[in-house]
Amino acid sequence: IQDGGAHKAVWQCRGDGASKFCILCKNLFTHDSNVAQEDGTRLLRCNQIKLHDLEASTDTELRNNATYLYAMYGRLIRGEFKHVHPAVGLTYAKHGVLLDRSLDDLLQITHVFMHDQMHALFVDGVVNMTVYLCFEEFVKVGQTGIYESFAEFIRNWKWPGRLHGDHLSDIFTSDRRDKHRKAQHIKCQASDMLSLMGVLALFVQTVLLPQDNAAGACHAMLSLLELAQLSMATTRIKVSPAKLLGIVHKFLEQFTTAFGFEWMTPKCHWLLHLPVTLQRFGFLSNCFALERKHRVPKRYATDLKNISKKASTSLLNEVVCHHIASMKTFDFGFDIGLIKG
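Here's what I pulled together on the structure shown here. (Residues numbered from 1 in each chain as written. Predicted model: local features only at pLDDT ≥ 70, side-chain atom pairs only at ≥ 80, totals over all residues. Heavy atoms only, no water.)

Moving on: the packing of aromatic side chains. Across all of its chains, the model carries 15 aromatic pairs by this definition. On the basis of an interplanar angle of 75 degrees and a centroid distance of 5.8 Å, the ring pair of Phe 135 and Phe 150 is categorised as edge-to-face. Of this pair, Phe 135 sits in helix α8 (residues 126-140) while Phe 150 sits in helix α9 (residues 146-155), and the two are 15 residues apart along the sequence. For the pair shown, Phe 135 and Phe 150 are each scored as buried. Ring geometry for Phe 135 versus Phe 203: centroids 6.3 Å apart, planes at 70 degrees, classification edge-to-face. Linking Phe 135 in helix α8 with Phe 203 in helix α12 (residues 197-208), this pair joins segments that are 68 residues apart in sequence. Judged by relative accessible area, Phe 135 falls into the buried class, the value being 1%. (Phe/Tyr/Trp six-rings, centres within 6.5 Å; stacked < 30°, edge-to-face > 60°. Helix = DSSP H or I, 4+ residues; strand = E, 2+ residues; numbered from the N terminus. Buried < 20%, exposed > 50% of the residue type's maximum accessible area, 1.4 Å probe, protein only.)

In structure tokens form, the structure reads like this:
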């Protein structure tokens, strides 16, 4: 399970900022690139919100594209070669996984490549953006205090101790509002936004929707919250891929109706691939258990002021020493249960 940055490093895909931003889709390009409009075959598409309108890439095609890049690298000058990358949707890497012929019969790229639902939804993701857009619809009609109203709504709740929710209302206070509006999404920890799902749904249903000022935005928000809760439930209960795909289609239709296609980010497109992943593996896993490990290197990287050739080595040494020290603080046993849970 990987985020967008890791996908670029492992599979040499172009990433979210590229004109061809999805390695799984052969015919999808961004609207801004104008590639779809210039395609004479009318096979290329952009801003698609239906899974059946997308044409899936195959492992053979991806490997052929990587091989083509490898062949062109020595033939074209640098100025010409840089235009090849956007066309094939891959980045040249001399020792890339796609060029390893020994893996041709072992690695099915399109079957193991998956998007992480937590990154798609909660890490500067679709939920953060949609909450911002929904609230801004009410700001447009004169309700400038909607952020503070939701903050007060949150304060009325007593949170379970395991959630540590006493600080959640601070996310929507007036001093944080300007930061959200500048970033054009709600800036907060993913775990905090996940904790707010139920309360946010009730706020939209009981406070915002009855006002009938931005019904389309409210319905899009409610569909997204249903989608988020359904996708998170796949590790606990059996969820039908068809049901998940239906709610994804419903949300994208309501989202584009309320806010327009110009707000469609690559993470909105990621949602279309979640039902396929669910059908293939039976559940939607996430990498947040591993994401928490980022805190250790960040703790030491923040203090690295002298960025030299040995900076990475120094950071690695600090992290290794930290883990060794952590393991020495308790006696490891083989009994079933959590260690310092």
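Now, onward.
This part covers empty space enclosed by the protein. Over the atoms a probe the size of a water molecule is rolled, and this reveals where empty space is left. As enumerated under the stated definition, the model contains 1 cavity of 30 Å³ or more in all. Considered as a void within the structure, the largest cavity measures approximately 70 Å³ in volume. In terms of lining, the largest cavity is formed by Trp 11, Gln 12, Ala 66, Leu 69, Tyr 70, Leu 90, Thr 91, Tyr 92, Ala 93, Gly 96, Leu 98 and Leu 99. Looking at the lining of the largest cavity, its residues break down into 9 nonpolar, 3 polar and no charged. (1 Å grid on protein atoms, 1.4 Å probe; cavity = no way out; pocket = protein on both sides within 12 Å on 5 of 7 lines; lining within 4 Å. Points joined across faces, edges and corners; volume = space filled by probe spheres on them. Nonpolar A, V, L, I, M, F, W, Y, C, P; charged D, E, K, R; others polar.)

Here we come to the layout of surface pockets. Empty space within the largest pocket amounts to approximately 900 Å³. Gln 189, Ala 190, Ser 191, Phe 288 and Arg 295 are, among the 25 residues lining the largest pocket, the residues nearest its centre. The set of elements that each furnish at least two residues to the lining of the largest pocket consists of α7 (117-122), α11 (190-195), α16 (288-291) and α17 (295-301). Tallied by class, residues from the lining of the largest pocket come to 10 nonpolar, 8 polar and 7 charged.

Further remarks concern helix α18 (residues 311-327). Across its 17 residues, α18 extends 25 Å between first and last C-alpha, which sits within 8% of the 24 Å expected from 1.5 Å per residue. All of the buried residues in α18 are Ala 311, Val 319 and His 322. Seen from one end, α18 has its buried residues packed into an arc of 65 degrees, which puts them on one side. Away from its buried face by more than 90 degrees, α18 exposes Leu 316 and Met 327. Those residues of α18 that are buried are in contact with α17. (Expected span 1.5 Å × (residues − 1). Arc of directions from axis to C-beta. Contact = heavy atoms within 4.5 Å.)

One non-glycine residue, Asp 124, lies in the positive phi region at around 45 degrees. With respect to the helices, strands and loops of the structure, Asp 124 is situated in the loop between α7 and α8. For Asp 124, a relative accessible area of 48% translates into the label partly exposed. The phi dihedral of Asp 212 falls on the positive side, at around 60 degrees, and the residue is not glycine. Within the secondary structure, Asp 212 is located in the loop between α12 and α13 (215-232).

All chains considered together, the criterion is met by 10 salt bridges. The shortest N-O distance in the salt bridge between Arg 101 and Asp 104 comes to 2.8 Å. Linking Glu 137 and Lys 140 is a salt bridge whose minimum nitrogen-to-oxygen distance equals 3.1 Å. Taken together, the residues Glu 137 and Lys 140, both in helix α8 and 3 residues apart, mark about one turn of the helix. The class of Lys 140 is exposed, set by a relative accessible area of 65%. What emerges from the salt-bridge pattern is a single network uniting Lys 26, Glu 55 and Glu 61. (Salt bridge = Lys/Arg side-chain N within 4 Å of Asp/Glu carboxyl O.)

The biggest cluster of nonpolar side chains holds 89 residues, and the ones touching the most others in it are Phe 135 and Phe 172. At 11 residues, α13 tops the list of elements feeding residues into this core. Setting aside chain neighbours within four positions, we find Phe 172 in contact with Val 131, Phe 135, Tyr 147, Glu 148, Phe 150, Ala 151, Ile 154, Ile 186 and Leu 196. (Core = buried A, V, L, I, M, F, W, Y, C linked by side-chain atoms within 4.5 Å.)

This brings us to the side chain of Thr 110. Its location among the elements puts Thr 110 in helix α6 (residues 109-112). For Thr 110, a relative accessible area of 12% translates into the label buried. What Thr 110 contacts, discounting residues up to four positions off in sequence, is Leu 24, Ser 57, Thr 58, Asp 59, Leu 62 and Arg 280.

Let us look at the environment of Val 10. One can find Val 10 in helix α1 (residues 4-11). Since its relative accessible area comes to 28%, Val 10 is described here as partly exposed. Separated by 86 residues in the primary sequence, Val 10 and Gly 96 place their C-alpha atoms 7.6 Å from one another.

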